[in-house]
Amino acid sequence: MQYDHIIIRYGEIALKGKNRKEFTNKLHENVARKLKPFSQIKIKKTRDRMYVHLNGEDPSIIMEQCTDIFGIQSMSAAIKVPNEEDIIKEAALYALNKTENAQTFKVTVKRVNKEFPIGSQQFNQVLGGHLLANTDGYTVDVHQPDIEIHVEIRQDATFITSKKVMGAGGLPVGTAGKTLLLLSGGIDSPVAGYLTMKRGVQVEAIHFHSPPYTSERAKQKVIDLAQQLTAFGNKVKIHVVPFTKLQQTIHREIPNGYSMTVMRRMMMRISERVAEKENILSLTTGENLGQVASQTMESMNAINQVTNYPILRPLLTMDKDEIIDISKKINTYDISIRPFEDCCTVFVPTAPKTKPKRDKVAYYESLVDFSAELEETIEGIETIEVTQKSSNDELDDLL
Ligand code: ATP
Ligand code: MG
């Protein structure tokens, strides 16, 4: 006897009416990709859950692999047995004996298959009695048990589960279109990417860098951040924009107080162009209301003027410590705090306007012809793709 299956429960996607099939297919695809290195396992999806047949793989390792997959509400290791009373008893006993630190238990039988000859209530008692008679030191507590043994008698087989592990929640990545994430090397934008992915959105990234003012290592940092984000999705394409010339022109031609606003507007213009080319319908930033000069209401108003693409700002109303907590949880924090310069900090004006006006920015911009440099910059974009590391790669890294 052993745990030979994982039951994956869908949660929110179960509510999605006619889109349900698309959601479950995508989740199935995401789970299958993540578990590809474990060649023994077989995955079967049904309307309301997925069954992973372990074929000898360790259930806790497989569940650990699935904890980053959005769209999973919860998971349990399960024992699959035929619909026979004695075997079910044996499996329930195995499940109870496998638990640690429990003194009280409760058995919950759910009889989906009405052909099974014993009713749920009665079988609850039969199993409870069997467990009490064959173990030492346990008592039954039907209100607040330390452990609940679930016995689900379905059409073709019975599944016995005990512990429920929470999944990542959210929606399967790839079910809600794509966004272009403005990914700096900072703490915020990777968290913004993670949160959009949580709602089922696939992320492509755009990064503005300004060599030689920003180094290769600063670029590498962004690649590493994107690599980390692939843990929650499949792959992340990064569009690296050579921003030096435009930044120098802005620095030279635009009055100091407005150069940052113009620089941000250029970022938006270029991002929109890339999004259009890649068939992406929105932009995402790590902006957070009031954090710095470029993130005041006035600034956002002036920056936003140049695009009518929706800009998703998942961090807008969060406190910095909430953002940092998430970045630690998703393992981007240590990468983000590596001390490399960002293109924005290199050219940061001494006194940026915290309340820039749309008409003034537009006026200053109208005095300079940026068009050739803008096109040249877009021409020079380099695209890199990072894909999810399989657990084999992770093992290789450790060795
Ligand atoms: P972050 O921690 O994400 O860098 P921040 O608090 O430092 O954010 P800003 O530097 O003002 O804030 O940047 C605001 C947002 O603009 C970032 O979250 C990011 O989405 C985008 N951004 C800033 N710099 C770059 C860059 N070099 N490349 C791409 N996007 C950028
Ligand atoms: Mg930053």
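Residues numbered from 1 in each chain as written. Chains lettered and ligands numbered in written order. Predicted model: local features only at pLDDT ≥ 70, side-chain atom pairs only at ≥ 80, totals over all residues. Heavy atoms only, no water.

Participant: Would you mind showing me how to read the sheet that holds strand β13 (residues 283-284) here?
Facilitator: Sheets are built from strands that pair by backbone hydrogen bonding, the pairs being arranged parallel or antiparallel. Strand order in the open sheet made by the 6 strands is β14-β13-β10-β11-β12-β15, with mixed pairing throughout. With one partner strand each, in any of the chains shown, β14 (311-312) and β15 (382-387) form the two edges of the open sheet. In terms of strand pairing, strand β10 (residues 178-182) meets β13 through 2 bridges, oriented parallel. The residue of β13 that forms the bridge with L180 is L283. Packed on one face of the sheet, helix α6 (residues 216-229) meets β10, β11 (202-209), β12 (235-242) and β15 and runs near 40° to β15. (Pairing = 2+ DSSP bridges. Helix = DSSP H or I, 4+ residues; strand = E, 2+ residues; numbered from the N terminus. Contact = heavy atoms within 4.5 Å. Axes fitted to C-alpha atoms, helices over the stretch in contact; angles between N-to-C directions.)

Participant: Please explain the packing of aromatic side chains as it appears in this structure.
Facilitator: Any pair of aromatic rings gets described here by the distance separating the centres and the angle formed by the planes. This structure, assessed with the given rule, holds 10 aromatic pairs. Taken together, a centroid distance of 5.5 Å and an interplanar angle of 55° make the contact between F70 and Y194 tilted. Taken together, the residues span a long stretch of sequence, with F70 in the loop between α2 (59-66) and β4 (72-81) and Y194 in helix α5 (residues 188-198) at a distance of 124 residues. Residue class for F70 comes out buried when judged on its relative accessible area of 1%. Y194 sits in the buried class, given a relative accessible area of 6%. Aromatic pair F70 and F232: ring centres 5.9 Å apart, planes at 25°, arrangement stacked. One end of the pair, F70, is in the loop between α2 and β4; the other, F232, is in the loop between α6 and β12, and 162 residues separate them in sequence. In this structure, K328 packs its charged tip against the face of Y333, placed 4.8 Å from the ring centre. (Phe/Tyr/Trp six-rings, centres within 6.5 Å; stacked < 30°, edge-to-face > 60°. Buried < 20%, exposed > 50% of the residue type's maximum accessible area, 1.4 Å probe, protein only. Lys NZ or Arg CZ within 6 Å of the ring centre and 35° of its normal.)

Participant: How should the nonpolar core be read in this particular structure?
Facilitator: Grouped burial of nonpolar side chains is what soluble globular proteins tend to show. Counting residues in hydrophobic clusters, the biggest one holds 42 residues, and the most contacted among them are I6, I8, V151 and I160. Considering each element in turn, this core owes the most residues, 6 residues, to helix α3 (residues 85-98). In contact with I160, not counting residues within four places along its chain, are Y3, A77, A78, I79, V81, I88, A91, A92, A95, I149, H150 and V151. Judged by nonpolar contacts, the second largest core, of 32 residues, contains F208, M268, A275 and Y309. (Core = buried A, V, L, I, M, F, W, Y, C linked by side-chain atoms within 4.5 Å.)

Participant: What am I meant to see in α2 here?
Facilitator: Given 3.6 residues per turn, any residue in an α-helix points the same way as the ones three and four places further on. Among the residues of α2, those classed as buried are P59, I62, M63, Q65 and C66. Projected down its long axis, α2 shows its buried positions confined to an angular sector of 155°, all on one face. (Arc of directions from axis to C-beta.)

Participant: How do you make sense of the pattern of salt bridges when you look at a structure like this?
Facilitator: A full pass over the atoms with the stated rule returns 17 salt bridges. Across the pair E376 and K245 runs a salt bridge, and its minimum N-O distance is 3.0 Å. Of this pair, E376 sits in helix α14 (residues 371-379) while K245 sits in helix α7 (residues 244-253), placing them 131 residues apart in sequence. Each of the salt bridges in this network shares a partner with another, and the network as a whole consists of K26, E29 and R33. (Salt bridge = Lys/Arg side-chain N within 4 Å of Asp/Glu carboxyl O.)

Participant: Would you explain the packing of α7 against helix α8 (residues 256-277) in this entry?
Facilitator: Each packed pair of helices is defined by two parameters, the angle between the axes and the distance between the axes. Two numbers describe how α7 lies on α8: the axes approach to 9 Å, and their chain directions differ by 150°. As the angle between them shows, α7 and α8 are arranged roughly antiparallel. For the pair α7 and α8, the sense of crossing is right-handed. Of the residues in α8, those touching α7 at L246, Q247 and I250 are S259, V262, M263, M266 and I270. Looking at the contact of α7 with α8, its residues break down into 6 nonpolar, 2 polar and no charged. (Parallel < 35°, antiparallel > 145°, perpendicular 65-115°, else oblique. Left-handed = near helix turned anticlockwise from the far one by under 90°. Nonpolar A, V, L, I, M, F, W, Y, C, P; charged D, E, K, R; others polar.)

Participant: How should I be thinking about the domain arrangement of the chain in this particular structure?
Facilitator: Think of interface size as the accessible area that goes away when the parts come together; that is how it is often given. Taken domain by domain, the chain comprises domain 1 (5-166) and domain 2 (178-398). Summarising the inter-unit geometry, the C-alpha centres of domain 1 and domain 2 are found 43 Å apart. (Domains from an automatic or database assignment.)

Participant: Explain the environment of E115 here, please?
Facilitator: As for its placement among the helices and strands, E115 is situated in the loop between β5 (104-111) and α4 (120-134). Considering only alpha carbons, one finds E115 and R154, 39 residues apart in sequence, at a separation of 9.7 Å.

Participant: Sorry, what's going on with the packing of α3 against α4 here?
Facilitator: One way to put it is that α3 packs onto α4 with a least axis distance of 10 Å and a crossing angle of 55°. Looking at the two axes, α3 sits oblique to α4. Our pair here, α3 against α4, has a crossing hand that is right-handed. Note on element contacts: α4 touches α3 through F123, V126, L127, H130, L131 and N134, opposite E85, I88, K89, A92, L93 and L96. Of the residues that constitute the contact of α3 with α4, the class distribution is 8 nonpolar, 2 polar and 2 charged.

Participant: Sorry, what's going on with unusual backbone geometry here?
Facilitator: Among all residues except glycine, the phi angle is most often negative; among peptide bonds, the trans geometry is most common. That bond from P211 to P212 is cis: its omega, 5°, falls within 30 degrees of zero. Secondary-structure assignment places P212 in the loop between β11 and α6. Of note in this structure, N101 is not a glycine but carries a positive phi near 55°. Its place among the elements puts N101 in the loop between α3 and β5. Phi is positive for N279, which is not a glycine, with a value near 65°. Structurally, N279 can be placed in the loop between α8 and β13.

Participant: Sorry if this is basic, but what is going on with a positive patch on the surface here?
Facilitator: A cluster of basic residues, K353, K355, K357 and K360, forms a positive patch at the surface. Note on placement: K355 falls in the loop between α12 (343-346) and α13 (358-366). (Patch = residues over 30% accessible without salt bridge, like charges linked within 9 Å, V, L, I, M, F, W, Y side chains within 5 Å. Areas by Shrake-Rupley, 256 points an atom, 1.4 Å probe, with all protein chains shown as cover. Lys, Arg positive; Asp, Glu negative; His and termini not counted. Charge placed at Lys NZ, Arg CZ, Asp CG, Glu CD.)

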